[in-house]
Amino acid sequence: MLLHRSYLKQFAYTLFICLVYLFMFLPMMGIFVHSFNSSCVASSWESFTLDWYKELFCSPEVGRAAWNSLVIAISSTALSIILGTAFVLGTSEKKYSKLDMLFYPNIFTPDIVLAVAIMSLFKFLNIPCGFVSLIAGHTAIGLVFAIPLLRSRMEELDKYLIEASLDLGADRWYTTKKVLLPLLKPAIITAAFMAFTLSLDDFFISFFCAGNEIETLSMYIFSHLRTNNTPVLSALSICVVASSFTILMIGYVATKYTTMEKSNDLY
Amino acid sequence: MGSLRLEHVTKFYGNDLVIDNLTLDIQQGQFFALLGPSGCGKTTILRLIAGLESVDSGSIFLGKRNITNLPIYERKIHTVFQSYALFPHLSVFENVAYPLRVRNQPEDEIADKVFKMLKTVHLSGSENKQISQISGGQQQRVALARALVAEPEVLLLDEPLAALDQRLKEQMLLELIDLQEKLGMTFVYITHDQREALTVADRMAILNVHGKIEQLSTPKNVYEFPSSRFVANFVGSTNIIDGTLHRGDKPHTFEVTHKDMGSITVFMQHERNWLVPGSHSYVSIRPEKIKITKKRLSDIDNVLTGIVRNILYQGQSTIFDVEVKDEYIIKVFKQNEDHIPEEIINYDDEVNLYFYKEDAVLLEN
Amino acid sequence: MWIKKNLEREWFTFFATPAILWQTFFLLVPLTAFFILSFLEKTSTGWILSLKHYELLLNPMYIKVIGSSLFFSLTTTCLCIVLAYPIAYFIAFMVKKAKNILLIVLLLPSWANIITQVYAWFVLLQKNGSVSKVIAALGITSTPAHLLNNKPVIIMGLVYCYLPFMILPLYLSLLSIKKTLLEASADLGATDMQTFWRIIVPLSRNGLFNGILLVAVPAFGEYAAIEILGGGNYALWGSNIVDTFLVAGNYAQGAALTIVGIAALISLIASCLIIYHAIRVIAAFIHQIKPSQRITTESEEGRL
């Protein structure tokens, strides 16, 4: 659609885009460099060092926080997917369509509200906050994103595939297992990625609902922000980004090889 | 003014050559059809004229203006797309008004022109409907109205009737002819359906791969006197017999001798320099020009005998596949003129195929 | 729906219940409890029904706090829209092969925790950080500049964190616009800008709205990012919630604060929607054709 645009406009536009990409990457590059800098002062480069990374990997505190975050992320993702898929499958009839509205309040409530709500709930029930409260909160968030995703994929499905399966003699449970779920697989995978990312990304639920025993990665970073150990935090941040990226790449390549069908409009 | 000229136009898609050195002239006010098989480049040619693609070399002229480097929105050429491309968020009125709005024409003029145009395409009363509420045929008319309302110099039509059913197609074809005559505008119509092209066109070009023009002439000429085997086969169906070419006894007469089927006498109105006696030549005889009968007739130049292998009843006509010699099949169309045919032809009947020498055509290779 | 006809539904619906219970128990119930709690006041004799908490919130300090949060949310959202459209447009329409890669690369920084992202800016913009040293070197200021702890920087940080949330829904809805519509628009005489405003923007309304929700709502509740970049100098709704719940332990007051905050947010979004629709109605009114006159004249002519 850029035919015959004046070269000046084209140049200015591309420049703008490059600036935005630069904007997005500048801070990342900053802490990337910072994490290898032997000087604690961010702006003066002393020498290349892996000390901070060493410190990171040797720190039991970081290890525990990372492990906690991972466990919580995996559990809440699994729960979100299972509960979400079950919900979408179970409420596919028209008479249940209003149930989707149960999840609408989340659109208008910032994360902090959910965090405070869960914290109050646990306090009220006299249950100490910990893994349970964190997983509860992350799953609640994951559900809100998973359900619309799964729902819209369901709408797109070709219902004739289900009818064909039944016509050929498969019973209902078999059809669900062998036809419906595989067709939903792309949406399920996308929803899983989203839920996982949201869980790792989360701050508020950790802040309010972690209790005294548990520390997650985001809590660790936040609490150590003001100390002078900053290059370690940079190293940690780089590790987090790198591992998220790796997981995503693995997922991307894996789905490419299992030939996900993606229909594109030709017009 | 509304004449188009493509001069030595070449177009590549990446490394693939799509249009090879095409030169084409379309006169003002003509209903011009571009006919060709899929992949011959006709859509590309349309897009080059519209400005949706840019040429790699060559020029495009609209009247006297060189529009080769003119952006899409500055060419006074509008397109009716195959998918109609109607804006879903705008009503029928707004869709048709769109070209006028983007030119910032005054409001009352817009209303005037839009209503006139909707009346012309027989859509009065549908102004406020949404696109999703109207039928396919009506959508096609909206697309037409929208492309015409700003009075372009040329209208391009990209297989506009492809999505319509037979009856609607026939109706729209007549309306298009009417419209074009009334407006006196240059229409460029591309299609792969030769029936459509033959019906609407004043002149048509048959395109082969890479946009090569096999023949450019009136529909009648293209059909009755195809210039090559490709054209003969693509436009309608035909029977092709090959053999050695000899001159006949009478002037303008030639004989083509097939190794098994004997000689075919062909009448050629004009001498051509590729009519070289002794060369390997091809004769085309259209199926409707052949008379199929069990009787013996005299005074007809050409006769072949064979066995009826297949009969396809098609309502208006019947198609006979007649095996003339060892799996060589001649197709014959017989119009079903009478309720009770004078002669009943059945499977495995031995029949005579007669045709005049004027009805056969020699094909240039 | 078709699944009902074809698949046993009783036990399917049963399977749906855990999700329903989850949502109800962990969000809906607490929120309702909050609502009720906000009307209760703890006195020495027990709980009584009172509007004290809401009265306290009428204090100009609280109004300023919620106003600040609304301001940050609104500004961040607007800036995100302005930045996201060109980028989403670029990747959706001007790039043929590298779409996915460009998108992933753009969204890569967002995989870091929001704290990490804000922290990265913190490091860059510190008093002795790289950016202020560069600025000093360029001669703009004599000493290393104080770049943090002001509103523009906070907004920039928020935009940085939330831009991907605006880009993605916008991009997805732009993708769904069929390319022939854009070709038709240009073919009919519209320049690129005209096509953008008349075709692309209306057709990407859904994506835009989703994006607005995904940015405005969390931005309103921001706490950590503003703490870090603002040095604790900015009191916002989020920090107030932290204070009221965690520091003061005053759940009833906190409940009232929560309710009021959400109400303010919804009011903001609703009023924007109302303004938007009002503008559309007024514009349509200005462009009004009088169809009844025209139709009778034209269709009468047609019948002759």
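The rules we used
Residue positions are given per chain, counting from 1 as you read along its sequence in written order. Lettering of chains starts at A and numbering of ligands starts at 1, both following the order in which they are written. In keeping with the model being predicted, local features are shown solely for residues with a pLDDT of at least 70 and side-chain atom pairs are shown and tallied solely at 80 or more, while totals for entire chains, interfaces and linings include all residues. Secondary structure is summarised from DSSP: a helix means a run of H or I of at least four residues, a strand means a run of E of at least two, and numbering begins at the N terminus for each. The burial label depends on the number of other C-beta atoms within 10 Å of a residue's C-beta. Counts of 20 or more mean buried, 12 or fewer mean exposed, and intermediate counts mean partly exposed, with C-beta atoms placed from the backbone. Residue pairs are scored as contacts if the distance between their C-beta atoms, which are placed from the backbone, is within 7 Å. Note on geometry: axes are C-alpha line fits, over the in-contact stretch for helices, and angles between N-to-C directions span 0 to 180 degrees. Here is the rule for angles: anything less than 35 degrees is roughly parallel, anything more than 145 is roughly antiparallel, 65 through 115 is roughly perpendicular, and the remaining ranges are oblique. The hand of a helix crossing depends on one turn: near helix anticlockwise from the far one by less than a right angle means left-handed, and clockwise means right-handed. pLDDT gives the predictor's per-residue confidence on a scale running from 0 to 100. In this classification, Asp, Glu, Lys and Arg are treated as charged, Ala, Val, Leu, Ile, Met, Phe, Trp, Tyr, Cys and Pro as nonpolar, and every other residue, Gly included, as polar. For two strands to be treated as a pair, DSSP must find at least two bridges joining them. For the purposes of this description, domain bounds are those given by an automatic or database domain assignment. By definition, a nonpolar core groups buried Ala, Val, Leu, Ile, Met, Phe, Trp, Tyr and Cys residues that are joined through C-beta atoms within 7 Å.

**A short note on the overall build of chain B**
If you tally the helices and strands in chain B, you get eight helices and 20 strands. If you line up chain B on its principal axes, its C-alpha atoms span 75 × 50 × 35 Å. For chain B, buried positions account for 39% of its 365 residues. Taking contacts inside chain B between residues at least 6 apart in sequence as the whole, the part at least 24 apart equals 65%.

**A look at the overall build of chain C**
Counting secondary structure elements, chain C contains 15 helices and two strands. The buried share of chain C, taken over its 304 residues, is 43%. Taking all contacts inside chain C whose residues are at least 6 apart in sequence as the whole, residues at least 24 apart take part in 70%.

**Some points on the packing of helix α3 (residues 60-90) of chain A against helix α6 (residues 131-156) of chain A**
All names here are of chain A. Two elements in contact, α3 and α6, have axes whose closest approach is 7 Å; the angle formed by their N-to-C orientations is 40 degrees. Accordingly, the angle class assigned to the pair α3 and α6 is oblique. Handedness of the α3/α6 crossing: right-handed. Here Ile72, Ser75, Ser76, Thr77, Leu79, Ser80, Ile81, Leu83, Gly84, Thr85, Phe87 and Val88 of α3 lie close against α6, whose contacting residues are Phe131, Leu134, Ile135, His138, Thr139, Gly142, Leu143, Ala146, Ile147, Leu150, Arg151 and Met154.

**A short note on the confidence of the model for chain C**
Residues and elements named next belong to chain C. Per-residue confidence for chain C gives a mean pLDDT of 81, with 87% of residues at or over 70. Mean pLDDT per element in chain C: helix α15 (residues 291-303) is the minimum at 40, and helix α9 (residues 179-187) is the maximum at 93. Low pLDDT (under 50) marks residues 289-304, which in the prediction has 14 contacts with non-local residues, meaning those over four places away or in another chain. Prediction confidence for the complex, expressed as pTM and ipTM, is 0.81 and 0.81 respectively.

**Observations regarding the interface of chain B and chain C**
Buried accessible area, meaning the area lost when the parts come together, often serves as the stated size of an interface. Across the contact, 25 residues belong to chain B and 22 residues belong to chain C. Contributing elements (two or more residues each) for the side of chain B that touches chain C: β6 (77-80), α2 (92-102) and α3 (107-120) of chain B. For the side of chain B that touches chain C, the element with the highest residue contribution is α3(B), accounting for four residues. Grouping the constituent residues of the side of chain B that touches chain C by class yields 13 nonpolar, seven polar and five charged.

**Description of the sheet that holds strand β7 (residues 154-158) of chain B**
All names here are of chain B. On the basis of which strands lie adjacent, the open sheet formed by six strands has the order β6-β7-β8-β3-β9-β10 and mixed pairing. Looking at strand neighbours, the two that pair on one side only are β6 and β10 (212-217), the edges of this open sheet. The sheet shows a mean angle of 20 degrees between the axes of neighbouring strands, taken without regard to direction. Note: strand β3 (residues 31-35) against strand β9 (residues 203-208), four bridges, orientation parallel. Across the sheet, Ala33 pairs through a bridge with Met204, a residue of β9. Sitting on the sheet, helix α4 (residues 136-148) touches β6 and β7, and the angle it makes with β6 is about 175 degrees.

**A word on the domain arrangement of chain B**
Residues and elements named next belong to chain B. Domain boundaries assigned for chain B yield domain 1 (4-230) and domain 2 (237-363). For domain 1 and domain 2, the distance between their C-alpha centroids amounts to 38 Å. Listed by partner, the interface residues are four residues for domain 1 and five residues for domain 2. Residues belonging to the side of domain 1 that touches domain 2 are distributed by class as follows: two nonpolar, one polar and one charged.

**Comments concerning the pairing of β3(B)**
Residue and element names in this part refer to chain B. The element β3 is extensively covered by neighbouring structure, given that five of its five residues are classed as buried. Where burial is concerned, the two faces of β3 agree: the one with Phe31, Ala33 and Leu35 and the one with Phe32 and Leu34 are both buried. The sheet contact formed by β3 and strand β8 (residues 186-191) spans five bridges and is parallel. Bridging across to β8, Phe32 finds its partner in Val188.

**Focus on the interface of chain A and chain C**
Contacts between the two partners involve 77 residues from chain A and, on the opposite side, 71 residues from chain C. Top contributing element to the side of chain A that touches chain C by residue count: helix α1 (residues 7-35) of chain A, with 12 residues. For the side of chain A that touches chain C, the per-class residue count stands at 49 nonpolar, 19 polar and nine charged.

**Re unusual backbone geometry**
Residues and elements named next belong to chain B. One non-glycine residue, Ala85, lies in positive phi territory at about 50 degrees. Relative to the assigned elements, Ala85 resides in the loop between β6 and α2. Phi at His210 is positive, roughly 65 degrees, even though this residue is not glycine. Within the secondary structure layout, His210 lies in the loop between β9 and β10.

**Description of the environment of Ser152(A)**
Residue and element names in this part refer to chain A. Relative to the helices and strands, Ser152 is located in helix α6. The class for Ser152 is exposed, based on 11 C-beta atoms found within 10 Å. Separated by 64 residues in the primary sequence, Ser152 and Val88 place their C-alpha atoms 9.8 Å from one another.

**Overview of the nonpolar core**
Counting residues in hydrophobic clusters, the biggest one holds 252 residues, and the most contacted among them are Ala115(A), Val96(B), Val188(B), Ala88(C) and Val118(C). A per-element tally of this core places helix α8 (residues 151-175) of chain C first, with 14 residues.

**Description of the sheet that holds strand β1 (residues 4-13) of chain B**
All names here are of chain B. Taking strand neighbours across the sheet as the criterion, the four strands line up as β2-β1-β4-β5 in an open arrangement whose pairing is antiparallel. Every interior strand has two partners, whereas the edge strands, β2 (16-26) and β5 (65-66), have only one. Looking at chain direction, β1 and strand β4 (residues 57-62) are connected through five bridges and run antiparallel. The residue of β4 that forms the bridge with Leu4 is Leu62. Of the strands in this sheet, β1, β2 and β4 are in contact with helix α1 (residues 42-50), which crosses β1 at around 115 degrees.

**Overview of the packing of helix α6 (residues 114-125) of chain C against α8(C)**
Geometrically, a packed helix pair is captured by the angle between its two axes and the distance between the axes. All names here are of chain C. Interaxial distance between α6 and α8 falls to 10 Å at its minimum, and their mutual angle equals 140 degrees. In terms of axis orientation, α6 runs oblique to α8. Taken as a pair, α6 and α8 cross one another with a handedness that is right-handed. Across the interface between the two elements, Ile114, Gln117, Val118, Trp121 and Leu125 of α6 pack against Val153, Gly157, Tyr160 and Cys161 of α8. Taken together, the residues of the contact of α6 with α8 break down into seven nonpolar, two polar and no charged.

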